[in-house]
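Residue-level listing of the chains:
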Amino acid sequence: MALHYDNCMNNLEQQFGDQKFSNEYQLVNGVAMQAENPDYFQIPPDVIKRNVKPNQFVELRIDSPRFSVHEDAAEKCRCPSCNGEISKPILRHSHPASLLPLPEQNAPSRGWGEDFWVRIVDRNGEFLRAIVDNPLVEARLHGLNQGDEIFFHEDHILAVHDIHRLELVAGMDEVDLKELAQWLWKVNRE
């Protein structure tokens, strides 16, 4: 059984490593983004990310350094996720499309970053496989569409959908509950 687990884990890790998007787009590392913007951007603690499992929704971001702010855009704008200043707008989807019918999106493609929801299909260690659950505005540029399979590391998780809060906590063991309580205490003191 250990051999099968190692093969699955290496397979997801390898598929993540082999995954390429057009126009230099890549998944944004939430841990790095929080380190750069600690006053504005909060991601789930490690204990939550370790406990996400198949059929749960998590939020990711895809962006490219290839595109900059367009001439008609403000030099600095507010990020919808963290409310901090950014030099390029980020498009955001509030909910997975399979949970809440979304209005028709008619935004022009501009090379902006995009936050989107995925439904986890498989997990092995820190690597996950999921299905994109939003119609993406920038799909023409990065090639990622609703229904596509995507591979990512738990460090890419920006949020876990609210509908999973109770399920996540109920599934934690004593050690994880203690870690979560310590994280909550620390966050509330800051």
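Reading the values: the criteria
Residues numbered from 1 in each chain as written. Predicted model: local features only at pLDDT ≥ 70, side-chain atom pairs only at ≥ 80, totals over all residues. Heavy atoms only, no water. Core = buried A, V, L, I, M, F, W, Y, C linked by side-chain atoms within 4.5 Å. Buried < 20%, exposed > 50% of the residue type's maximum accessible area, 1.4 Å probe, protein only. Contact = heavy atoms within 4.5 Å. Salt bridge = Lys/Arg side-chain N within 4 Å of Asp/Glu carboxyl O. Helix = DSSP H or I, 4+ residues; strand = E, 2+ residues; numbered from the N terminus. Pairing = 2+ DSSP bridges.

Draft legend 1. Examining the nonpolar core more closely. With 26 residues, the main nonpolar core has F116, V118, I150 and F152 as its most contacted residues. For F116, the residues in contact, after removing those within four places along its chain, are L27, V58, E59, L60, R61, I62, H93, V132, N134, L136, L144 and I150. Among the nonpolar cores identified, the runner-up in size contains five residues, and M33, F41, I43 and L158 belong to it.

Draft legend 2. Representation of the pattern of salt bridges within the structure. As enumerated under the stated definition, the model contains 10 salt bridges in all. Among the ionic pairs, K53 bridges to E167, the shortest N-O distance being 3.8 Å. Of this pair, K53 sits in the loop between α3 (46–51) and β2 (57–63) while E167 sits in helix α5 (residues 165–170); the two residues are 114 residues apart in sequence, bridging distant segments of the chain. For E149, the salt bridge identified is with R129, shortest N-O distance 2.7 Å. Of this pair, E149 sits in strand β8 (residues 149–153) while R129 sits in strand β7 (residues 127–132), and the two are 20 residues apart along the sequence. One connected set of salt bridges, linked through shared partners, spans E59, R61, R92 and D115.

Draft legend 3. Summary view of the pairing of β2. In terms of residue burial, β2 counts as a mostly covered element, since seven of its seven residues are buried. Alternating residues of β2 divide into F57, E59, R61 and D63 and V58, L60 and I62, and every residue in both groups is buried. Bridge analysis of strand β1 (residues 26–27) against β2 gives two bridges, and the strand direction is antiparallel. Considered in β2, the bridge of Q26 is made with D63. Bridge analysis of β2 against strand β6 (residues 113–124) gives six bridges, and the strand direction is antiparallel. Within the sheet, the bridge partner assigned to I62 lies in β6 and is E114. Two elements, β2 and strand β9 (residues 159–160), share two bridges in a ladder whose sense is antiparallel.

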